[in-house]
Amino acid sequence: MLEIKNLHVKLEEEDKQILKGVDLKVGEGEVHAIMGPNGSGKSTTSYVLSGRDGYEVTEGEVLLDGENILELEPEERAAAGLFLAFQYPVEIPGVGNMTFLRTAVNAQRKARGEEELSATDFLKEIRAKAKSLQIDAEMLKRPVNVGFSGGEKKRNEILQMAMLEPKLCILDETDSGLDVDAMKLVSEGVNALRDGKRSFIVITHYQRLLDHIKPDVVHIMSNGRIIKSGGPELALEVENNGYADLLAEVEQA
Amino acid sequence: MKRAELKQRKLDATSARVEGMTLPAGAAWAEALRQDALSRLLAMGLPQGRDEYWRWTRPDTLNADAPKPATVFDAKEAPVFSGIDRLKIVFVDGVFDAEASDALDGENLEIMRLSDALSADIHWVKDAYGVQEKKAQDPVERPFATLNTAFATDGVVIRATGKVAKPVSLIYLHRNETSDAILHHVIRVEEGADLTVLENGPAAARFNKVMEVEVSDKAAFHHVRAQGRDHERRAVTHVFATIGQEALFKSFTMTANGVLTRNEVVLDIQGDDSMAHVAGAALGDGDFHHDDTVFITHDAERCESRQVFKKVLRNGAKGVFQGKILVKAGAQKTDGYQISQGLLLDGDSQFLAKPELEIYADDVACSHGSTVGAIDDEALFYLRSRGVPTAEATDLLTLAFLAEAIEEIEDEAIAEDILHRLEGWLTRRRAG
């Protein structure tokens, strides 16, 4: 499904290397968690995967189903099945949430050579999906993320994910700013999308999200590299002991 | 000395300009009004580039003896407002076309051709024609409006005496590449009446239009206009309005294309508890030049005024906004809002703004803002990350930028129609 090979990334504007050889393989239907201290390169990894400006890949490649997506525009990556749930979803005044979603769904369908979804079918689908995320009609009518609470913004991200039906979902600190109930709701939304084929990369600081979204593999990232990978127990270890022990262990090795 | 010389040169140029023009004939009172306007014009002179009020918009092509030719655009789709049930009044190159127009009547409505009204003895028209134009010369001169009062050859006089069901739609067709049109409309919305006036079309190669509106107590006036298509056209327009008590005035203008458009709006809020909104959405590229100049006077208590002007500029286009709110002493509890924004789609375009507040009352809330910027990168990336291609995402954000202005149109069907035109313009630009 996704294969990141020896990825090196620096900031375009300054001579600062952020990723220093990331290797990661995510198989079909798998959930991978990436944890790590602040500034370790977790969010940069998600931005580089989704094609955000400002980063320069100096080495390595990223293959999605065998295709190197680093050459693709962000919209082409989306149409190829990649989705990034933003840590800070962007507010877009003047663009209705519904219009935004319909434009996105149909643009992707068009890019894949599929027929556009009719207004009625779209409405039916979005209503059903919004309901399960407790997103009311009013929220769908409002401008994208404008005046949404932190929890509403994150639920809105999951709604987009549900509507766009990507192959690979990257969740960048989706738990940040959420209370326990909201985190549960968002996690249920994510779990509903787990169908054995769709893969997930869950970026988080805290183990508690992983109680709700159970990962198959946990990676620890530090200083631009993945320094350790393991099962769900690795997340617990971090939760109990912090990153310091792990980092020291790697330094010594 | 230098100043006096410049003024003299300006006056000489103005005399030369009007020399070949004749004042249209009419009733004695009308001819006297026109003569008065001509005298006023000759005393103030037509604007020149040095004039403060015309610093950002060159008036020379408007002053020239003959208009520069403008290619007639052959549109493929039906014009704006085609789907709206309305009373059509058609002008071709500035001349009323009776055959193409609907019958000039309707419930709660009196309509007459200007030339007929100025030949008759209609008391309210006598008190209205050129009256607001004359009053609005202070504190800033508006000579093109005075020229219009003197020489307007056609137009309509409309009186609404109650709720008028269908909008009155003024359609300005452009067929002759060198036409020079001067139209003057006089509108009176009587107490408690409700009237919507639509305007669309390029009108002429050069177009000078004045609309004087009196909105009486408890009356409502809605105005939506679309100036579009024929890019080489030049237009200078004035809307003058006085607003009575508990009255509503709303005006929205969409402008797409045009090498020179100067739209002046001068509002005088005279009655308490009234509302006056003026909005505009303009988009153009290349040698597009668009100027909104607005002057709103609050001379009554508890009134609200809003100015919402948005311009989308690309490829060297230029947008100008000069907007003023004057709150007179005693106009307490005034709520004035003004926003002017330019969206530059590339680095070559320019947006020039001069917002002004002049307040003599001590219990008022007035806010104004003016911004200029590019498409928001964050929003653009967000859309693209959801699969929307750059061009489409840019259009979506452009329409979002214009939304606040479009929201000023109260009628949903008309707003929808305007939105489609804007979408169409963006799509065509993308294709071309």
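Higher on the page you've got the structure.
One structure accompanies this document, and this report is about it. From a predicted model like this one, the values you see are computed outputs, not experimental measurements. Every chain's residues receive numbers from 1 upward, in the order its sequence appears when written. Note on labels: chains are lettered from A, ligands numbered from 1, in written order. Local features in this predicted model are restricted to residues whose pLDDT is 70 or higher, and side-chain atom pairs enter the listing and the counts only when it is 80 or higher, whereas totals over whole chains, interfaces and linings include all residues. Side-chain descriptors were evaluated using all non-hydrogen atoms of the structure, hydrogens and water having been removed beforehand.

### As for the overall build of chain A
Definition in use: Only DSSP runs of H or I reaching four residues or more are called helices, and only runs of E reaching two or more are called strands; each is numbered from the N terminus. All radius of gyration figures rest on C-alpha atoms, and the globule criterion is 2.2 Å times the number of residues raised to 0.38. To sort residues, take the accessible area from a 1.4 Å probe on protein chains only and compare it with the maximum for the residue type: under 20% means buried, over 50% means exposed, and anything in between is partly exposed. Pairs of residues are marked as contacts when any of their non-hydrogen atoms sit within 4.5 Å. Positive charges are assigned to Lys and Arg, negative charges to Asp and Glu, while His and the chain termini are left out of the count. For this purpose, a charge sits on NZ of Lys, CZ of Arg, CG of Asp or CD of Glu.
When its secondary structure is counted, chain A shows 10 helices and 12 strands. The C-alpha atoms of chain A give 18 Å as radius of gyration, which agrees with the globular expectation for 253 residues (18 Å, within 12%). Along the first, second and third principal axes, the C-alpha atoms of chain A reach 60 × 40 × 35 Å. A total of 253 residues make up chain A; the buried ones form 54% of that total. Intrachain contacts of chain A at a sequence separation of at least 6 include 70% that bridge at least 24 residues. Taking the 30 positively charged and 44 negatively charged side chains of chain A as two groups, their mean positions are separated by 5 Å.

### Quick look at the nonpolar core
Nonpolar side chains in soluble globular proteins tend to be buried together. Put simply, the rule is: Put simply, a nonpolar core is a bunch of buried Ala, Val, Leu, Ile, Met, Phe, Trp, Tyr and Cys residues held in one set by side-chain atoms that sit within 4.5 Å of each other.
Of all hydrophobic cores here, the largest spans 117 residues; its most connected members are Ile201(A), Phe252(B) and Ile418(B). Counting residues per element, this core draws most heavily on helix 9 (residues 390-406) of chain B, at 9 residues. In this structure Phe252(B) touches His223(B), Val224(B), Arg225(B), Ala279(B), Gly280(B), Ala281(B), Ala405(B), Ile406(B), Ile409(B) and Ile418(B), once residues within four positions along its chain are discounted.

### Quick look at the packing of aromatic side chains
Note the following rule: Stacked, tilted and edge-to-face are the three classes assigned to paired rings of Phe, Tyr and Trp, where Trp is represented by its six-membered ring and a pair needs centres within 6.5 Å; plane angles under 30 degrees give stacked, over 60 edge-to-face, the rest tilted. To sit over a ring, a charge needs its Lys NZ or Arg CZ within 6 Å of the ring centre and within 35 degrees of the ring normal.
This structure, assessed with the given rule, holds 10 aromatic pairs over all chains. When the centroid spacing of 4.9 Å and the interplanar angle of 85 degrees are considered together, the rings of Phe86(A) and Tyr382(B) count as edge-to-face. One end of the pair, Phe86(A), is in the loop between strand 6 (82-85) and strand 7 (92-96); the other, Tyr382(B), is in helix 8 (residues 377-385), on a second chain. Just as Phe86(A) is buried, Tyr382(B) falls in that class too. Pairwise contacts between aromatic rings join Phe86(A), Phe100(A), Phe381(B) and Tyr382(B) into one cluster. One residue, Arg52(A), lies across the ring of Tyr47(A), its end atom 4.5 Å from the ring centre. Positioned over the ring face of Tyr53(B) is Arg262(B), at 5.2 Å from the centre of the ring.

### Quick look at the sheet that holds strand 2 (residues 17-26) of chain A
Residues and elements named next belong to chain A. Quick reminder of the rule: When DSSP finds two or more bridges between a pair of strands, those strands are recorded as paired. To obtain each axis, a line is fitted to C-alpha atoms, and for helices this fit is confined to the stretch in contact; angles are then taken between N-to-C directions over 0 to 180 degrees.
Taken in spatial order, the 4 strands line up as 2-1-4-5 in an open sheet, and their pairing is antiparallel. Looking at the sheet topology across the chains shown, the edges are occupied by strand 2 and strand 5 (67-68). Note: strand 4 (residues 55-64) against strand 5, 2 bridges, orientation antiparallel. Pairing of leucine 64 across the sheet is with glutamate 67, part of strand 5. Most of the contacts of helix 1 (residues 42-50) go to strand 1 (residues 2-11), to which it runs at about 105 degrees, and overall it touches strand 1, strand 2 and strand 4.

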